Amino acid sequence: MGIEEYGGGQEPQPDVLVVTTNDIPGHRVTAVLGEVFGLTVRSRHVGSQIGAGLKSLVGGELKGLTKTLVETRNQAMLRLVEQARARGANAVLAFRFDVSEAADVGTEVCAYGTAVVLARE
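Residues numbered from 1 in each chain as written. Predicted model: local features only at pLDDT ≥ 70, side-chain atom pairs only at ≥ 80, totals over all residues. Heavy atoms only, no water.

Draft legend 1. Structural context of the side chain of threonine 40. Of note, threonine 40 is situated in strand S2 (residues 27-43). Looking at threonine 40, its side chain comes within polar contact range of the side chain of glutamine 75, at 2.8 Å. What threonine 40 contacts, discounting residues up to four positions off in sequence, is Thr72, Gln75, Ala76, Arg79, Thr107, Glu108 and Val109. (Helix = DSSP H or I, 4+ residues; strand = E, 2+ residues; numbered from the N terminus. Polar contact = N/O pair within 3.5 Å; in protein donor to acceptor, adjacent residues only side chain to side chain. Contact = heavy atoms within 4.5 Å.)

Draft legend 2. Representation of the environment of valine 109. Within the secondary structure, valine 109 sits in strand S4 (residues 106-120). Residue valine 109 is classed as buried on the basis of its relative accessible area, which comes to 0%. C-alpha of valine 109 to C-alpha of glutamine 75: the two residues are 34 residues apart in sequence and 9.1 Å apart in space. The contacts of valine 109, once residues within four sequence positions are left out, are Gly38, Leu39, Thr40, Leu69, Thr72, Arg73, Ala76, Phe97, Asp98 and Val99. (Buried < 20%, exposed > 50% of the residue type's maximum accessible area, 1.4 Å probe, protein only.)

Draft legend 3. How the structure looks around helix H2 (residues 63-86). When the terminal C-alpha atoms of H2 are compared, their 35 Å separation across 24 residues agrees well with the 34 Å that a helix rising 1.5 Å per residue should span. Of the positions making up H2, those classed as buried are Val70, Thr72, Ala76, Met77, Leu80, Val81 and Ala84. In the core, the buried residues of H2 are packed alongside strand S1 (17-18), S2, strand S3 (91-102) and S4. Downstream of H2 by one or two residues, glycine 88 has phi in the positive range, about 95°. (Expected span 1.5 Å × (residues − 1).)

Draft legend 4. Structural detail: the layout of surface pockets. Considered as a void within the structure, the second largest pocket measures approximately 200 Å³ in volume. In terms of residue count, the dominant contributor to the lining of the second largest pocket is S4 (3 residues). Along the lines of polarity and charge, the residues of the lining of the second largest pocket split into 4 nonpolar, 3 polar and 1 charged. (1 Å grid on protein atoms, 1.4 Å probe; cavity = no way out; pocket = protein on both sides within 12 Å on 5 of 7 lines; lining within 4 Å. Points joined across faces, edges and corners; volume = space filled by probe spheres on them. Nonpolar A, V, L, I, M, F, W, Y, C, P; charged D, E, K, R; others polar.)

Draft legend 5. Summary view of the pattern of salt bridges. Taken as a whole and assessed by the stated rule, the structure comprises 1 salt bridge. Between arginine 85 and aspartate 15 there is a salt bridge; the shortest N-O distance is 2.7 Å. In this pair, arginine 85 sits in helix H2 while aspartate 15 sits in the segment before S1, placing the two residues 70 residues apart along the sequence. On the basis of relative accessible area, arginine 85 is assigned to the partly exposed category, the value being 39%. (Salt bridge = Lys/Arg side-chain N within 4 Å of Asp/Glu carboxyl O.)

Draft legend 6. Fine view of the sheet that holds S4. One open sheet holds the 4 strands; their spatial order is S1-S3-S4-S2, and the pairing between them is mixed. Each edge of the open sheet carries a strand with a single partner, namely S1 and S2. By the bridge criterion, 15 bridges tie S2 to S4 in an arrangement that is antiparallel. Bridge pairing links glycine 34 to alanine 115 in S4. Across the sheet, H2 lies against S1, S2, S3 and S4, angled at about 140° from S2, the strand it touches most. (Pairing = 2+ DSSP bridges. Axes fitted to C-alpha atoms, helices over the stretch in contact; angles between N-to-C directions.)

Structure follows, in structure tokens:
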């Protein structure tokens, strides 16, 4: 896998900017639209679980699981952006991910933050 398969984030000049900070230099918040989130749950693939179990015996990165988690996080973030856009936001502040097990059948990934309208100062 190439480096592009291990990353995420936004393309340059997005219409809805997503940041982990509480403010953005050179901008002021003109409206707070509230919490937004994107959620996805992925089930475990039996083949990848067997492969992961075997790999754990010898050590090393579980590349298949890493790729799946990257894809899952990216999907959750895309859903967050879609929700923010639908509410009229042009930014999401205090962006975070939360990852947990979902009833022992998969992994739940939630991307969340605060949808806002920003204006340049």
